[in-house]
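Listed below are the residues making up each chain.
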Amino acid sequence: MKEKFAKFMAGRYGTDRLNMFLVIVLLVCAVLNLFVRNGYFSVVLTSWEFLLIILIYIRMFSRNISKRYAENQKYLAIENKVRHFFGQKKYIQQQRKEFHIYSCTQCKQKIRIPRGKGKVSIRCPKCGNEFIKKS
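Residues numbered from 1 in each chain as written. Predicted model: local features only at pLDDT ≥ 70, side-chain atom pairs only at ≥ 80, totals over all residues. Heavy atoms only, no water.

Under an unreviewed UniProt entry, the name given to the protein is Zn-finger containing protein, and the source organism is Candidatus Blautia merdavium.

Shown next, in the form of structure tokens:
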């Protein structure tokens, strides 16, 4: 049986990160469908589940490997942008424990100043503007 499945899958795309994401979305829709008692919303979720299952199988059993690869690369680019955005937000929150982060009044450049130094004169490294802030 294992050999038959391997022979069937030969030349087919298989699974990738986009398919994994679609499976997660499918599971979220299924869980929402369990808890939602609204008829219209339940029908919409059920139709989304059905469409997602079809899309997952079409992508997995496709022989057009180059097209599926391009779709996955587009998804990975979007995923990396989202991860980078939230990574930056997390980094800024970690920095706020030890530093005050001010924006220059002219060019809006972000400037880090250590906490606990009292009133300090800050010179923007980008535009040279000077302003006084409390650290």
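So that's the structure; there's more coming.
## Regarding the overall build of the protein
Helix and strand counts for the protein stand at 4 helices and 4 strands. Order of helices (α) and strands (β) in the protein, N terminus to C terminus: α-α-α-α-β-β-β-β. A compact globule built from 135 residues would reach a C-alpha radius of gyration of about 14 Å, whereas the protein, at 25 Å, exceeds it by more than 25%. Overall, the protein is about 75 × 40 × 25 Å in size when its C-alpha atoms are taken along their principal axes. Of all 135 residues assigned to the protein, the portion counted as buried reaches 26%. In the protein, 41% of the contacts between residues at least 6 apart in sequence involve partners at least 24 apart. (Helix = DSSP H or I, 4+ residues; strand = E, 2+ residues; numbered from the N terminus. Rg over C-alpha atoms; globule rule 2.2 N^0.38 Å. Buried < 20%, exposed > 50% of the residue type's maximum accessible area, 1.4 Å probe, protein only. Contact = heavy atoms within 4.5 Å.)

## Observations regarding the side chain of Asn19
Looking at where Asn19 falls in the secondary structure, it is placed in helix 2 (residues 17–35). Leave out the neighbours within four places in its chain, and Asn19 touches Gly14, Ile56, Arg59 and Met60.

## As for the nonpolar core
Within the largest apolar cluster, 10 residues are counted, these being Leu18, Leu22, Leu26, Cys29, Val36, Leu45, Leu52, Ile56, Tyr75 and Leu76. Listed by contribution, the elements that provide at least two residues to this core are helix 2, helix 3 (39–61) and helix 4 (65–95). Per element, the largest residue contribution to this core is 4 residues, and it comes from helix 2. Once you skip the residues sitting within four places of it in the chain, Leu18 turns out to touch Arg59, Glu71, Asn72 and Tyr75. (Core = buried A, V, L, I, M, F, W, Y, C linked by side-chain atoms within 4.5 Å.)

## Observations concerning the packing of helix 2 against helix 4
Look at helix 2 against helix 4: their axes get within 8 Å of each other, and the N-to-C directions meet at 65°. It follows from the interaxial angle that helix 2 and helix 4 lie roughly perpendicular. In this structure, helix 2 uses Arg17, Leu18 and Phe21 to contact helix 4, whose residues at the interface are Glu71, Asn72, Tyr75, Leu76, Glu79 and Arg83. Split by residue class, the contact of helix 2 with helix 4 holds 4 nonpolar, 1 polar and 4 charged. (Axes fitted to C-alpha atoms, helices over the stretch in contact; angles between N-to-C directions. Parallel < 35°, antiparallel > 145°, perpendicular 65-115°, else oblique. Nonpolar A, V, L, I, M, F, W, Y, C, P; charged D, E, K, R; others polar.)

## Some details on helix 4
Helix length check: helix 4 (31 residues) gives 44 Å between terminal C-alpha atoms against 45 Å at 1.5 Å per residue, within 8%. Packed against the buried residues of helix 4 are helix 2, helix 3, strand 1 (99–103) and strand 2 (110–114). (Expected span 1.5 Å × (residues − 1).)

## A few points about the environment of Glu130
Take Glu130: it is sitting in strand 4 (residues 130–134). Along the primary structure Glu130 and Thr105 are separated by 25 residues, whereas in three dimensions their C-alpha atoms are 8.9 Å apart. A distance of 3.4 Å separates polar atoms of two side chains, one belonging to Glu130 and the other to Ser121. (Polar contact = N/O pair within 3.5 Å; in protein donor to acceptor, adjacent residues only side chain to side chain.)

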